[in-house]
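Given next are the chains, with one letter for each unit.
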Amino acid sequence: MIGRLNHVAIAVPDLERAAAVYRDTLGAEVSAPVPLAEHGVTTVFVELPNTKLELIAPLGESSPIARFLARNPDGGPHHVCYEVDDIRAARDRLVEEGARVLGDGEPRIGAHGKPVLFLHPKDFCGTLIEIEQA
Ligand code: CO
């Protein structure tokens, strides 16, 4: 059911510093910061030949990554995003399999303008999974 790896998201405490590490030290192509108010994060996109990275830093008071960064002050891998052909069909199958979908279970528009859902890390080897409509 899952298709391509769309991106790996890395939560960081300092977005400017993280962007500089990827741009200057690792020599990658990085975007300008993009604030995503409805997701509570500011994102820098890193383009790699075969996938993307998202460097995400908290935006606003109740950012969903604030707790993660409190536990991981240097930052760290936050989630992986897989593409699916039909996000509602994927959700229905996952729920049928007993997986927990976060939030109200309705897809929201993600960082790439496409519908996304997040899946409970306890059901997936300790990793927060995002699925995105391809
Ligand atoms: Co993501």
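Within any chain, residue numbers begin from 1 and follow the written order of that chain's sequence. Restriction of local features to residues with pLDDT of at least 70 applies here, the model being predicted, together with a cutoff of 80 or more for giving and counting side-chain atom pairs; totals for whole chains, interfaces and linings are based on all residues. Water and hydrogen atoms were dropped before computing side-chain values, which therefore reflect all heavy atoms in the structure.

What to know about the coordination of the cobalt ion
Here a donor is an N, O or S atom found within 2.8 Å of the metal, or within 3.2 Å if the metal is Na, K or Ca; sites may look incomplete because water is not among the atoms. Looking at the cobalt ion, one finds its protein donor set to be His7 (NE2), His79 (NE2) and Glu130 (OE), positioned 2.0 to 2.1 Å from the metal centre. In terms of primary sequence, the donors binding the cobalt ion are separated according to H-x71-H-x50-E. Of this pair, His79 sits in strand E6 (residues 76–84) while Glu130 is found in strand E9 (residues 128–133), placing the two residues 51 residues apart along the sequence. Categorising residues by exposure relies on relative accessible area from a 1.4 Å probe, with only protein chains included: less than 20% of the type maximum marks a residue as buried, more than 50% marks it as exposed, and the intermediate range marks it as partly exposed. Residue classification places His79 among the buried positions, given a relative accessible area of 6%. Glu130 gets classed as buried once you look at its relative accessible area, which sits at 4%. Counting from the N terminus, the helices are DSSP H or I runs at least four residues long and the strands are E runs at least two residues long.

With respect to the nonpolar core
For our purposes a nonpolar core is just a set of buried Ala, Val, Leu, Ile, Met, Phe, Trp, Tyr and Cys residues, chained together by side-chain atoms within 4.5 Å. Core analysis: the largest hydrophobic core is formed by 13 residues, its most contacted members being Ile10, Val12, Leu15, Tyr22, Val44, Val46 and Leu55. Counting residues per element, the ones that place at least two in this core are helix H1 (15–25), strand E4 (41–47) and strand E5 (52–58). Considering every element that reaches this core, the biggest residue donor is H1, with four residues. By definition in these notes, contact holds between two residues if any of their heavy atoms fall within 4.5 Å. If we ignore the near neighbours within four places in the chain, the residues touching Val12 are Ala18, Ile56, Ala57, Pro58, Leu69 and Gly75. By size, the runner-up hydrophobic cluster in this structure holds 12 residues, among which are Ala90, Leu94, Ala99 and Val101.

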